[in-house]
Amino acid sequence: MATMESLIGLVNRIQRACTVLGDYGGDDNAFSSLWEALPSVAVVGGQSSGKSSVLESIVGRDFLPRGSGIVTRRPLVLQLNKTEDGSQEYAEFLHLPKQRFTDFSVVRKEIQDETDRITGKSKQISPVPIHLSIYSPHVVNLTLIDLPGLTKVAVEGQPESIVQDIEAMVHSYVEKPNCIILAISPANQDIATSDAIRHCREVDPTGERTFGVLTKLDLMDKGTNALDVLEGSSYRLQHPWVGVVNRSQADINKNVDMIVARRKEREYFATSPDYGHLANKMGSEYLAKLLSKSLESVIRARIPSITSTINKSIDELESELDHLGRPIGVDAGAQLYTILELCRAFDRIFKEHLDGGRPGGDRIYGVFDNQLPAALRKLPFDRHLSLQNVKRVVSEADGYQPHLIAPEQGYRRLIESALNYFRGPAEASADAVHFVLKELVRKSIAETQELRRFPSLQAELAGAANEALERFRVESKKTALRLVDMESSYLTVDFFRRLPQEVDNGGNPASSTVDRYSEMHFRRIGSNVFSYVGMVSETLKSTIPKAVVHCQVREAKHSLLNHFYTLIGKKEGKQLSQLLDEDPTLMERRQQCAKRLELYKAARDEVDSPLQLAIQTLDGGRVLFPGRLYFLTDVGFFGSHSFPITRISNKSDRPDIDIKSSVSDIGALVTAAQYSQSICSTFASPSWAVIVLIPT
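Computed from a predicted structure; not experimentally measured.

### Description of the overall build of the protein chain
Scanning the protein chain for helices and strands turns up 23 helices and 14 strands. Here the protein chain holds 696 residues, and the buried ones make up 47% of them. Counted over contacts in the protein chain with a minimum sequence separation of 6, partners at least 24 positions apart contribute 82%. A total of about 34,700 Å² of accessible surface is found on the protein chain, and carbon and sulfur atoms cover 51% of it.

Right, dumping it as structure tokens:
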């Protein structure tokens, strides 16, 4: 059964683990905060309200730093643990593991030193908490968070924003719905002006989470009292106000023992004509017991939500660790395997881009469908085959002896020089596809999640892929230019044989030498050459893409990393380790996730451990279970209404069975139905069920 000690101790252990990992709440936390989900008691009060004296009275020890101005400059998580009577009192700090302090004056100094370690000698504040655990037979099991005292003005050495900084810190604690607020107010001041009550009104207007404490009752003006506050007529809270009488400054100076001070406090209330009727509900001892019981009650009520938060966080962290990748093995074989797996992951994504599974491959088609035809249309054939240029080329080709029938050499020179223009678009197509492939390599590396951990491998992989693409481009250009050269090397004779011949007026083939040198004759030569070049253009518009795809795209799909694989296989362990040198940011993130995951799994085990599972015999009739009940059956979820519990066994000789040894008997335990603090359920017939009981 979950006792008060186990529940409060559970939260204490989780809080300490959270602090070690840097989880102490706040919006700047990179992870979801488990700290935020844990119930706590935050001590709030203005400077000189007697806040420190209340805490010391609860502990029964003089251990807190004292002085003027802001003394508490970091949250102090004070975890009180009750020990057996007669055992020695001692204290432990989370930042000084395995060191026990029996001299509480040294504890005071360590609190001051640890505060200065974070904030320096200045009077600034820090949200990083100090964890102090005190073990004593004179305390109750309780955890308190002492916050910096509220102030109205900044003093010398403090930043101008100190007032707002303290209020923001206090607000971040008390605004949590699972935070119990211990509001400290001095009785010799008007309660309406209390800084603590002002904050409570903002975050807890109904007073459901607030415990009011009145200090300095013995310092009120003679003839006055604080009954209007203590009895709730002045400012009503859901919980009764508690009055305390702390040690006076003279007692502190004389080092009056706290045990003696507690006795004097009891005597004060017992003999007071004003507060005698409230004596059994006054004093620091009563306050500690009240807070301990309330904290335990809140923890008990919050266990389902804490468990839900932990399980959700575990799922998120495991998912992120999968995303970040697991740590790499240290031996060369494991490292080589990892590198090859990463390369295959990149290669798979690269091929998806080419094949249409991811965007980008369509840009290669755009080169052939748009850029190449546009480049071919822009070739300067009009200028090359102008009347003047045709005359010049034909005349130069004839030399000293004009052509007899047709200017074949002129034709050849015009065609060959025209075909040279195709070299530009052929090379440009290879360059354009090369650019697209390089961009797809870059995108594929960026989209390979596993590679993000290894910037050195990314750079090496990108370099190797780009080197391979450059080789493919060179070969592609050579092949495309060969296609152009082939067209120049052997002209299609049938094209010219099919051309219509010039005829004279009588219908006979023209034979006049003068006619062959007419302007119309040269225009016809230019027109014929233009038609032939157009035919070649159509051919190259189909064959250049084939060459480029074969030499670049196809090779990139099948052998982009072949040379890289050969080089990797020759590398030694140290070189492989250098390739797997992760980004320090990702390494740190993984370490944080792993540590936090370990914390949450340990916390889940901690939460589960106080809950006792037992098999109970329900023999019909009305059965009352006081407390919060969780019914685990092999059927599923049940709402908060009467339902028949699935029969698991009808043997009456098994009243208590360890659930760990009887899982096979009850089958799959699916879920639980939470009930209110007391329920009545009627069961129609005897049956067995697993009950998780957290008693009230």
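### Points about helix 4 (residues 162-174)
Compared with the 18 Å implied by 1.5 Å per residue over 13 residues, the 18 Å span of helix 4 between its first and last C-alpha is a close match. All of the buried residues along helix 4 are I162, V163, I166, M169, V170, Y173 and V174. What you see down the axis of helix 4 is that its buried residues fit within an arc of 135°, all on one side. Check the buried side of helix 4 and you find it contacts strand 1 (40-45), strand 6 (142-146), strand 7 (179-186) and helix 5 (195-203).

### Quick look at the nonpolar core
Looking at soluble globular proteins, one finds that nonpolar side chains tend to be buried together. Core analysis: the largest hydrophobic core is formed by 100 residues, its most contacted members being F63, L132 and L217. With 13 residues, the single largest contributor to this core is helix 9 (residues 284-324). Listed in part, the 65 residues of the second largest apolar core include C343, F422, L457 and Y532.

### Looking at the pattern of salt bridges
All chains considered together, the criterion is met by 30 salt bridges. Where D62 meets R247, a salt bridge forms, and the shortest distance between an N and an O atom there is 3.3 Å. One end of the pair, D62, is in the loop between helix 2 (51-59) and strand 2 (76-82); the other, R247, is in the loop between strand 9 (242-243) and helix 7 (249-253), with 185 residues separating them in the sequence. Given the relative accessible area of 11%, R247 is considered buried.

### Describing the pairing of strand 1
Each regular strand shows side chains that alternate between the opposite faces of the sheet. The buried fraction of strand 1 is high, at 6 of 6 residues. Here strand 1 pairs with strand 7 via 6 bridges, running parallel. Across the sheet, the residue bridging to G45 is I184, located in strand 7. With 2 bridges joining them, strand 1 and strand 6 adopt parallel strand pairing. Considered in strand 6, the bridge of V43 is made with D146.

### Observations regarding unusual backbone geometry
Of note in the backbone geometry, K98 takes a positive phi value of approximately 65° without being a glycine. Assignment of secondary structure puts K98 in strand 4 (residues 96-101).

### Quick look at the sheet that holds strand 3 (residues 90-93)
Taken together, 9 strands build an open sheet; the order of strands is 4-3-5-2-6-1-7-8-9 and the sheet is mixed. With one partner strand each, in any of the chains shown, strand 4 and strand 9 form the two edges of the open sheet. Pairing geometry for strand 2 and strand 6, over 5 bridges, is antiparallel. Residue L76 lies in a different strand from strand 6, and its bridge partner there is D146.

### A closer look at the pairing of strand 4
Two elements, strand 3 and strand 4, share 2 bridges in a ladder whose sense is antiparallel. The residue bridging A91 from the neighbouring strand is F101, located in strand 4.

### Things to note about the side chain of S294
For S294, the location among the structural elements is in helix 9. Each residue touching S294, except ones within four places of it in the same chain, is listed here: I180 and F211.

### Comments concerning the packing of helix 2 against helix 9
Orientation of helix 2 relative to helix 9, taken along the N-to-C sense of each, is 80°, at an axis distance of 9 Å. Between helix 2 and helix 9, the angle falls in the class roughly perpendicular. Here helix 2 contributes V54, S57 and I58 to the contact with helix 9, which in turn contributes S284, L287 and A288. Considering only residue class, the contact of helix 2 with helix 9 consists of 4 nonpolar, 2 polar and no charged.

Thresholds applied
- Residues numbered from 1 in each chain as written.
- Predicted model: local features only at pLDDT ≥ 70, side-chain atom pairs only at ≥ 80, totals over all residues.
- Heavy atoms only, no water.
- Helix = DSSP H or I, 4+ residues; strand = E, 2+ residues; numbered from the N terminus.
- Buried < 20%, exposed > 50% of the residue type's maximum accessible area, 1.4 Å probe, protein only.
- Contact = heavy atoms within 4.5 Å.
- Areas by Shrake-Rupley, 256 points an atom, 1.4 Å probe, with all protein chains shown as cover.
- Expected span 1.5 Å × (residues − 1).
- Arc of directions from axis to C-beta.
- Core = buried A, V, L, I, M, F, W, Y, C linked by side-chain atoms within 4.5 Å.
- Salt bridge = Lys/Arg side-chain N within 4 Å of Asp/Glu carboxyl O.
- Pairing = 2+ DSSP bridges.
- Axes fitted to C-alpha atoms, helices over the stretch in contact; angles between N-to-C directions.
- Parallel < 35°, antiparallel > 145°, perpendicular 65-115°, else oblique.
- Nonpolar A, V, L, I, M, F, W, Y, C, P; charged D, E, K, R; others polar.

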